[in-house]
Amino acid sequence: MNGVHKFRIPHILKKLPFVYGDFPFLKLSAFIDVSYYYSQGASFSASGSAIDLRNDGNLCELAKRSRIARNDAQSALLEYFHSTRGLPFLDAENMSKNAPEFFDSLTKRVFVKDDNRIGSALTRFLRYHPVNEFEPFFESIGLEPSEYSSYLPRDLMFLSEDQLLLSNYHVLCDYGIPRNRIGRIYKEATEIFRFEQGVLKLKFQFFKNLELKQSLIIKIIASCPYLLIGKMNHELNEFLRKLKELGIENDWLENHISIDDLYNWEHILQLMSLLSDFGLNQGIQRKVFMKHPSLLLELSGHATFSLISFLVKFGCRLEDIQNAFLHFPKVSVSKFVTNLRNCCKFLDEIGMPIPDVGNIVRMHSTILGSCELKTVNSLLTLLNCGKEMACKIVRENPEVLQTWVLHVRVKPIQEEKRVLRVRSVKTDFLSSLGFEENSKEMELAFRKLRGKGLELRERFDSLVKMGLSREEATQIVKSTPQILNQSKEIIEEKINFFVKETGYSLSDILAHPRIISYAVERVKLRLEMYKWLREKRMVDEKLALSTLLASSDEKFLASHVNSHPGALEYWKRLKREVYSSKPETFSL
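Definitions and cut-offs
- Residues numbered from 1 in each chain as written.
- Predicted model: local features only at pLDDT ≥ 70, side-chain atom pairs only at ≥ 80, totals over all residues.
- Heavy atoms only, no water.
- Helix = DSSP H or I, 4+ residues; strand = E, 2+ residues; numbered from the N terminus.
- Buried < 20%, exposed > 50% of the residue type's maximum accessible area, 1.4 Å probe, protein only.
- Areas by Shrake-Rupley, 256 points an atom, 1.4 Å probe, with all protein chains shown as cover.
- Phe/Tyr/Trp six-rings, centres within 6.5 Å; stacked < 30°, edge-to-face > 60°.
- Lys NZ or Arg CZ within 6 Å of the ring centre and 35° of its normal.
- Patch = residues over 30% accessible without salt bridge, like charges linked within 9 Å, V, L, I, M, F, W, Y side chains within 5 Å.
- Salt bridge = Lys/Arg side-chain N within 4 Å of Asp/Glu carboxyl O.
- Lys, Arg positive; Asp, Glu negative; His and termini not counted.
- Charge placed at Lys NZ, Arg CZ, Asp CG, Glu CD.

**Q** Talk me through the overall build of the chain; I want residue IDs and the actual numbers.
**A** Assigned secondary structure in the chain consists of 35 helices and two strands. The buried share of the chain, reckoned over its 588 residues, is 45%. Accessible area for the chain stands at about 30700 Å²; split by element, carbon and sulfur atoms hold 50% of it.

Set out below in structure tokens:
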């Protein structure tokens, strides 16, 4: 017969006795003309139907162009998983609709001649070419092919062969964990899916004992799968206890925890402990966390650790850091740190000395952290000035940085120079206090004072508001101008503390005005220690405030503490008490 070709007998047909056993004389090629099928690139199934196994089928393209074609193909896949393979309907539906990579790979192997028979074509294909069900399963629960390839079992093909996997998967689904989040749980804590029957349900009992709402438990489990295998359960319990101590309800956590993040409760607890060491008592911590949850939760506190480290590097004091937290802008902590670093780099590029950069960071950290500045070259072009002029403008008025941010139009500096106008306002303020214009005294005050003239006047008025006469307030500013570098709230709080808590008077502040510059903790610690030494008759009862407060801790200890038995131990204990239980009203 012309056109009749011999072909290799499929392996499965060799096992049939009628081929080579009972009828060895039969030649199958004598009865079947296969030239047409080979020319079409087809292979044979047991039923004799021709199915295209090449990777250039047209069903994939049809599904991409037509929603109807895609729905038909997905329905056929759903029918296969549910009716043919016996998977629960919801599992089958999720695998057929939420595994796009698997779906595309499968449909590329199917050739459809009639667009109206898409479902039947795919059904016929699957009848003779069963798929590895673990692939669409892993993809449907949120894993990428590159992620789940290592999880594919070598000796299994059907999900029904791994009942432990399905059982624990259904426990998570029934509890309310979103199916597309279970992939992350599998990746972070694979052991969960090897639990025996009933074990996983017992694990959820731990969270029920914490009296958490189910909606919060779902978020915690989805973001912290390791909790289900017993890791950091104690840390989570301790964190929830501390939140309760701060007066923060669990609803706050539910509103701000993200299932897209992974939380390390141990690191978060370390941050809370550090903030306590920095003088943020429970009242302040509650205020900060309620207003800015990201300070506690973002990157499990790592972003805030970076922020604190950066601020300390530039010489920020405890009250500066507290003030930055209390007035934190509405940006992520990571973005704040990035902006802060870029602003410092900007100030360095325009030639600002490092001490001046440090002063601006200490006084205006919230402004720097909220500004995404233009590059130096583009800004100087827009301002039509050089680096020196830009540096003077920022030094005199750091708030101008808020107008130099991206996507904000910048006007060129006018010929009269904006910096001169700012200096003029500050000059008027200092002149009103009795400073002679162009004198060395005024120039010294200019170098030490930070802020606009109106801000300095408000801070000066706060001194008068606290009971000092205008002449006394002027005397203080002339002797210690840097007092006005603090906000009016901080000035008022410090004077209130000194007068109401320590028993000293405003006249003592006049005698030693630098006391307003010291941190409340420093003043309280020194005066309490001095009080103890007086009671023990170990020190002169009439030491001047300047003697007690001006020296460093090392000199103070050497002069008044180390030489007396028991005094050093009392100093250490008192220091711990002062810095761990600072009243909220004195924190600013």
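**Q** Now, about the packing of aromatic side chains: what can you tell me, with residues and values included?
**A** If you walk through the whole model with that rule in mind, you get 20 aromatic pairs. Here the aromatic rings of phenylalanine 138 and tyrosine 151 are separated by 6.2 Å at their centres, their planes lie at 55°, and the arrangement is tilted. Placement of the pair is phenylalanine 138 in helix α9 (residues 134-140) and tyrosine 151 in the loop between α10 (145-148) and α11 (163-175), with a sequence separation of 13 residues. Overall, the relative accessible area of 1% leaves phenylalanine 138 in the buried class. Overall, the relative accessible area of 23% leaves tyrosine 151 in the partly exposed class. Where phenylalanine 498 meets tyrosine 504, the ring centres are 5.2 Å apart and the plane angle is 20°; that geometry is what we call stacked. The class for tyrosine 504 is partly exposed, based on a relative accessible area of 22%. An aromatic cluster of at least three residues, connected via ring pairs, comprises Phe134, Phe137, Phe138, Tyr148, Tyr151, Tyr169, Tyr186 and Phe193. Note that arginine 85 overlies the ring of phenylalanine 158, its terminal NZ or CZ placed 3.9 Å from the centroid.

**Q** Explain a positive patch on the surface to me, using residue names and the numbers behind them.
**A** Together, Lys113, Arg117, Arg124 and Arg127 make up a region of like positive charge exposed at the surface. Of note, arginine 124 is situated in helix α8 (residues 118-128). When its relative accessible area of 34% is taken as the criterion, arginine 124 is described as partly exposed.

So, to be careful, I would describe these as geometric facts and stop short of saying anything about function.
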